[in-house]
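Structural characterization, general
One letter stands for each residue in the lines below.
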There are 2 protein chains.
Amino acid sequence: MNKKIYILDSTLRDGAQGQGISFSLEDKIKICKCLDDLGIDFIEAGNPGSNPKDLELFKSMKSIKLNHAKLVAFGSTRRAGTKAEDDKNLKDLLDAGVETIVIFGKSWDFQVKDILKTTLEENLAMIYDSIKFLVDKGKKVIFDSEHFFDGFKSNEGYALETLKIAKEAGAEVVVLCDTNGGTLPSEISKIVSKTNKVLGDNLGIHCHNDMGMAVANSIMAVEQGATHIQGTFIGIGERCGNANLSTILPTLICKYDYELNARKSLDKLTKISRYISEISNITLSDDTPYVGASAFAHKGGMHIDAVAKDPKSYEHIKPELVGNKRRFLVSEVSGKSTIWKEVQKIFPNIKKDSEEVKVITDKLKELEFDGYQFEGAEGTVELVMRKVIGKYEPFFKLNHFKIIGEQPSLKGTFSSTALINITVDGKTEITAAEGDGPVNALDKALRKALEVFYPQLRSVRLVDYKVRVLDSESNTGAKVRVLIESTDGVEKWSNVGVSKDIIEASWIALVDSIEYKLIKDIERKVRTYF
Amino acid sequence: MNKKIYILDSTLRDGAQGQGISFSLEDKIKICKCLDDLGIDFIEAGNPGSNPKDLELFKSMKSIKLNHAKLVAFGSTRRAGTKAEDDKNLKDLLDAGVETIVIFGKSWDFQVKDILKTTLEENLAMIYDSIKFLVDKGKKVIFDSEHFFDGFKSNEGYALETLKIAKEAGAEVVVLCDTNGGTLPSEISKIVSKTNKVLGDNLGIHCHNDMGMAVANSIMAVEQGATHIQGTFIGIGERCGNANLSTILPTLICKYDYELNARKSLDKLTKISRYISEISNITLSDDTPYVGASAFAHKGGMHIDAVAKDPKSYEHIKPELVGNKRRFLVSEVSGKSTIWKEVQKIFPNIKKDSEEVKVITDKLKELEFDGYQFEGAEGTVELVMRKVIGKYEPFFKLNHFKIIGEQPSLKGTFSSTALINITVDGKTEITAAEGDGPVNALDKALRKALEVFYPQLRSVRLVDYKVRVLDSESNTGAKVRVLIESTDGVEKWSNVGVSKDIIEASWIALVDSIEYKLIKDIERKVRTYF
């Protein structure tokens, strides 16, 4: 039977140490459910000793049933020169009321002497007493050996001593931590294999990403005998973060035949990783391995042609395995064939070498040259195609709009107001709206005016609004690119606008987003009628 | 003597394949200068064959002197069934007019048969002829062996054959590419060492990050004999990107004693990495190893105390080595002492436990809660301190401003105009200005009015203007944070403003930046008088 690997997720504990990360109780509960759904074995839910708020979570989770995952509490060994039974931190750990507890202790002699300012002997006693105390209370204990690799390099004998004593005291797993993230993969490999020979099984690994090697180091450790991996989702954590489980899981599952409980739910990885980054209020970088929006996106014309012939030519795994999608990006370097594929989705009869495809390609390149970017702005791409092919007519005529920003305004504070005058089928509508900023005011006014003629627009709302200043060197006069994402509850689409003026750029994207919606509705009708 | 390692940067070529990356000619020239400044050996500046725009760069760079870096051109082998001397792509490579050329060819039998649709023999001939053709023209050739590792696993003998023939043809370096980024560090290690035994020296490595291992894989290859590393800055590139040189360089330099030309300029790494990400229009993630804003940031109270005792307790290298800074993040634990250090820079006599430090700490936390971010906004931090301590008086009174954005305007197109009315020492100034967008118009009008009273403001100009939409879910009504950087030619300072209204947020930052300048001038005078 294949080696079984256990995963401990520390998103809620070590991850919460990351800059700008702070979870509400509700956030934490949502994350626990996600991790359980994904088949994670252990969820390190907090440090009740150092952060009393973490106790709330343990309480609330008692009433929530998890399918497989076990909640674990994290805390340190007893303080120097005290008794375990008098140690408040150890008591708090018991109060968490969970079956398994992670205890961290020092394995680096320098840390013991210069930071804890105690003796090497007392540190061993602290590890032994703390674990023994919890084991006697019927708890299962995982020992996190802090700075193990630095300790091993500084004083191999002592580092190993701290692990041995932890096992004597009853620790089920001892976890080798590269706390400072400064250990090289080849060192990890050597040290884990040596340690495995001395200590035997049930070794764990906990890596940090200060050299960008936390994922590789975790994998190297597994190859050398580790069976328990600690990490966080999308790699959040102090400094450069922890080993990223959204990268480690698919690698272990797709490249090895280890037994992992998450194997059966791997196709949920992308959805859950993106959801956790939403909750963590982090923009998941598009180039994130396996789960990023670009992880299987192809831009170079040559690559696109090859992938069309056989995906394995430029993809190391099938995107579906992790629940992600393949994308062909429309861009300067992407050739006619990419754009033709897009055109075909709407106009199946147009040939690759037709004049239209050429004109569309040139038009898109010209717009890109002006600062447009069509990756993730499919709505605008479609409108450009329709305009070229002649399958487009404007849904309204703008006669005039005026935006007034005033400080102080009538109400004393700053205010933005927009007036708009449009014509639809010869009927003119004039209206106005106040908003949070000029763009919001203009957005409101335009919808207000259009809803008179197109009531279906009531269901449309913006879900995202991004501003990117291009060539920022040229100060407040720089070009800006505005990307907006809209939804009508059924479909989601994105549109882009570029101008030296943020209001004009936003106006272009707003109008596009509304016209795109109206075109889609007509098509849906047509489909129903015939 | 220690092994010498050569670095080839492909930010402008492979990096440009990344989603959302498109460089202007000016951008490319700036990047070349940065890379040269950092001591990079080779700059892969483009693919003149597939992208004619790349020839512009080679032309423009002829008139620009680089200290050390060599510009290289990139292109493919001749097409199947053609003569090298008739191959347009190879001609374009010669037109680039550089001494060294990178040629890529296929080393994976599957790619040759199923994608190129030619024979294994013809592929070998394509590699040989193309390299020989360039060598005969007096060029130095680097051979990129595409998909080498997949090829080695599929047909070891043939993969090695493609390298041997490249060397026979005169290639100086053969580069082993993990094109799909699916090779594990232990596989890289084995395959490179085997290849090294067969091929001898002058092996290179080119890794992609689809498993988050491009950096580790590059380092493993060097340990097994590779002496030439290809990567991109901050790791941009197709799909999940390329090996990140901003991570590889410091690791090779700080953890090994290899000879690298960049060793002497390592302390420029952070500045240059951040500058390149600015040019690439990418937000450099705070947790980026070595160069990110949080790479040496400490949040946990226990960590902060330990680092205060000895940095090596939670830092694997000294931040100064890479030109980065240690930071203690504002949090319940670290807050006061961190902020006190800042206060002391301006008001040395204020004690740590004074009421002022407490009030400033609370005020900054309150502002951060509202969405302010003070990293790189020292100007604003200083003004907050002065306002609390009472060392601040406004330099002007705003009576009223009004911004009008109009479409169509008198001139037909869209226009933004700002009117402003301010008072200084009882004298009132009313003026107006037109600009590119509402913020630019307001900026111009405000300066125009203030210069009447403070002529020294004529020397001030904005060098950067950044807009970041916070909680973008709440669409065009979302909060925005505006960061502006100003200079008077001597000093540079940054100010930040947050509001639901981009104009108000920009106004706050603009006023701050001007007041900061005026305060500094007074201090300079004071210093000269006494």
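Residues numbered from 1 in each chain as written. Chains lettered and ligands numbered in written order. Predicted model: local features only at pLDDT ≥ 70, side-chain atom pairs only at ≥ 80, totals over all residues. Heavy atoms only, no water.

This part takes up the overall build of chain A. Helix and strand content of chain A: 17 helices and 16 strands. With the C-alpha coordinates of chain A rotated into their principal frame, the extents come out at 90 × 65 × 50 Å. A burial count over chain A gives 62% of its 530 residues as buried. Put simply, of all contacts in chain A between residues at least 6 apart along the chain, 66% involve residues at least 24 apart. (Helix = DSSP H or I, 4+ residues; strand = E, 2+ residues; numbered from the N terminus. Buried < 20%, exposed > 50% of the residue type's maximum accessible area, 1.4 Å probe, protein only. Contact = heavy atoms within 4.5 Å.)

All names here are of chain B. In a regular helix each residue adds 1.5 Å, so twelve residues correspond to 16 Å; helix α15 (residues 378-389) covers 16 Å between its end C-alpha atoms and thus fits that length. Considered for burial, the residues of α15 that qualify are G379, T380, V381, E382, L383, V384, M385 and R386. G390 sits one or two residues past α15 and shows a positive phi near 90°. (Expected span 1.5 Å × (residues − 1).)

For the rest of this paragraph, the subject is the pattern of salt bridges. Tallied over the entire structure, the rule returns 52 salt bridges over all chains. Here K153 of chain A and E187 of chain A are joined by a salt bridge, their closest N and O atoms 3.3 Å apart. With K153 of chain A in helix α6 (residues 148-154) and E187 of chain A in helix α8 (residues 185-199), the pair connects residues that are 34 residues apart, well separated along the chain. Look at K153 of chain A and you get partly exposed, because its relative accessible area is 43%. Note that K517 of chain B is salt-bridged to D488 of chain B, the shortest N-O span being 3.0 Å. (Salt bridge = Lys/Arg side-chain N within 4 Å of Asp/Glu carboxyl O.)

Residues and elements named next belong to chain A. Listing the buried residues of helix α3 (residues 88-95) in full gives N89, L90, D92 and L93. The buried side chains of α3 occupy one side of the element, clustering within an arc of 155° when seen end-on. α3 presents K88 and D95 as exposed residues on the side facing more than 90 degrees away from its buried surface. Elements in contact with the buried residues of α3: α2 (53-61), β3 (70-76), β4 (100-106) and α5 (120-136). Two or three places before N89, at the opening of α3, D87 has a side-chain oxygen 3.1 Å from that residue's backbone nitrogen. The positive-phi residue at the C-terminal boundary of α3 is G97, with phi of around 70°. (Arc of directions from axis to C-beta. Polar contact = N/O pair within 3.5 Å; in protein donor to acceptor, adjacent residues only side chain to side chain.)

It is worth spelling out the relation of the copies chain B and chain A at this point. In the superposition of chain B on chain A (RMSD 2.5 Å, axial shift 1.8 Å), the rotation amounts to 179°. When the rotation and shift are considered jointly, the pair of chain copies conforms to a two-fold rotation axis. Taken as a fraction of all interface residues of chain B, those also at the interface in chain A reach 93%, which identifies the copy contact as same-surface. (Least-squares fit on C-alpha atoms with pLDDT ≥ 70 in both.)

Cis peptide bonds are those with omega within 30 degrees of zero, and the linkage from Q407 of chain A to P408 of chain A qualifies with -10°. Tracing the chain through its elements places P408 of chain A in the loop between β11 (397-407) and β12 (415-424). The residue K117 of chain B is not glycine, and still its phi comes out positive at about 55°. Structurally, the position occupied by K117 of chain B is in the loop between α4 (109-116) and α5 (120-136). Among the residues examined, K117 of chain B registers a relative accessible area of 59% and is labelled exposed. Its identity is not glycine, yet I234 of chain B carries a phi of approximately 45°, on the positive side. On the basis of relative accessibility, which here comes to 14%, the residue I234 of chain B falls in the buried class.

This next bit is on the interface of chain B and chain A. Contacts between chain B and chain A engage 106 residues on the former and 107 residues on the latter. Contact between chain B and chain A buries roughly 8,800 Å² in total, counting both sides, with carbon and sulfur atoms accounting for 54%. Across the chain B-chain A interface, the total number found is four salt bridges. Of the charged contacts in the structure, one is a salt bridge between E406 of chain B and K402 of chain A, with a shortest N-O distance of 3.5 Å. For the interface between chain B and chain A, the tally reads 32 residue pairs in polar contact (both at pLDDT 80 or more). With ten residues, strand β11 (residues 397-407) of chain B is the single largest residue contributor to the side of chain B that touches chain A. Looking at the side of chain B that touches chain A, its residues break down into 41 nonpolar, 36 polar and 29 charged. (Buried area = accessible area lost by both parts, 1.4 Å probe. Nonpolar A, V, L, I, M, F, W, Y, C, P; charged D, E, K, R; others polar.)

Turning to the confidence of the model for chain A, a few remarks are in order. When the pLDDT values of chain A are averaged, the result is 90; 95% of them are 70 or greater. Of the two predicted TM-score estimates for the complex, the pTM is 0.77 and the ipTM is 0.76. (pLDDT = per-residue confidence, 0-100.)

Residues and elements named next belong to chain B. Between helix α1 (residues 25-38) and helix α11 (residues 269-279), the least distance of the axes is 10 Å, while the angle of their chain directions is 165°. By the criterion of interaxial angle, the relationship of α1 to α11 is roughly antiparallel. When you trace α1 past α11, the crossing you get is left-handed. Judged by residue contacts, D27, K30, I31, C34, L35, D37 and L38 of α1 engage L269, I272, Y275, I276 and I279 from α11. Here the residues of the contact of α1 with α11 are counted per class, giving nine nonpolar, no polar and three charged. (Axes fitted to C-alpha atoms, helices over the stretch in contact; angles between N-to-C directions. Parallel < 35°, antiparallel > 145°, perpendicular 65-115°, else oblique. Left-handed = near helix turned anticlockwise from the far one by under 90°.)

Mapped onto the elements of the fold, K517 of chain B is located in helix α17 (residues 502-529). In this structure K517 of chain B touches Q456, L457, S459, V460, D488, W493 and R524 of chain B, once residues within four positions along its chain are discounted.

Here we come to the sheet that holds strand β13 (residues 427-435) of chain A. Reading across the sheet, the six strands line up as β13(A)-β12(A)-β11(A)-β11(B)-β12(B)-β13(B) and stay open at both edges, with antiparallel pairing between neighbours. Single-partner strands in this sheet number two, and they are β13 of chain A together with β13 (427-435) of chain B. Adjacent strand axes in the sheet meet at a mean angle of 10°, parallel and antiparallel pairs treated alike. Examined bridge by bridge, β11 of chain A and β11 of chain B share seven bridges and lie antiparallel to one another. Following the sheet pairing, I404 of chain A is matched in β11 of chain B by I404 of chain B. (Pairing = 2+ DSSP bridges.)

This next bit is on the domain arrangement of chain A. Think of interface size as the accessible area that goes away when the parts come together; that is how it is often given. Residues and elements named next belong to chain A. One can read the domain layout of chain A as domain 1 (6-279) and domain 2 (297-389). Domain 1 and domain 2 are separated by 44 Å when their C-alpha centres are compared. Contact between domain 1 and domain 2 buries roughly 540 Å² in total, counting both sides, with carbon and sulfur atoms accounting for 53%. Here domain 1 is connected to domain 2 by zero salt bridges. Only α10 (245-255) and α11 (269-279) provide two or more residues apiece to the side of domain 1 that touches domain 2. (Domains from an automatic or database assignment.)

This paragraph deals with the environment of L419 of chain B. All names here are of chain B. Residue position: L419 is located in strand β12 (residues 415-424). For the pair formed by L419 and A445, sequence separation is 26 residues and the distance between their alpha carbons is 6.7 Å. Not counting chain neighbours up to four residues away, the residues in contact with L419 comprise H400, F401, K402, I404, T431 and A432.

As a further point, take the packing of aromatic side chains. All names here are of chain A. For the structure shown, the criterion picks out 20 aromatic pairs over all chains. Both rings, one in F148 and one in F152, keep their centres 5.8 Å apart while their planes meet at 55°; by these two values the pair is tilted. Highlighted residues: F148 and F152, both in helix α6, separated by four residues, approximately one helical turn. F152 matches F148 in its accessibility class, with the two residues each being buried. (Phe/Tyr/Trp six-rings, centres within 6.5 Å; stacked < 30°, edge-to-face > 60°.)

Further remarks concern the pairing of strand β16 (residues 492-499) of chain A. Residue and element names in this part refer to chain A. The buried fraction of β16 is high, at seven of eight residues. Two elements, strand β15 (residues 480-487) and β16, share eight bridges in a ladder whose sense is antiparallel. Across the sheet, the residue bridging to V480 is S499, located in β16. As consecutive antiparallel partners, β15 and β16 are separated by four residues, and within that stretch G489 has a phi angle of approximately 90°, a positive value.

What follows is about the sheet that holds strand β15 (residues 480-487) of chain B. Residue and element names in this part refer to chain B. Pairing within the open sheet is antiparallel, and its three strands lie in the order β14-β15-β16. The open sheet has two edge strands, β14 (461-469) and β16 (492-499), and neither has a second partner. Put simply, the sheet's adjacent strands are angled 15° from each other on average, direction ignored.

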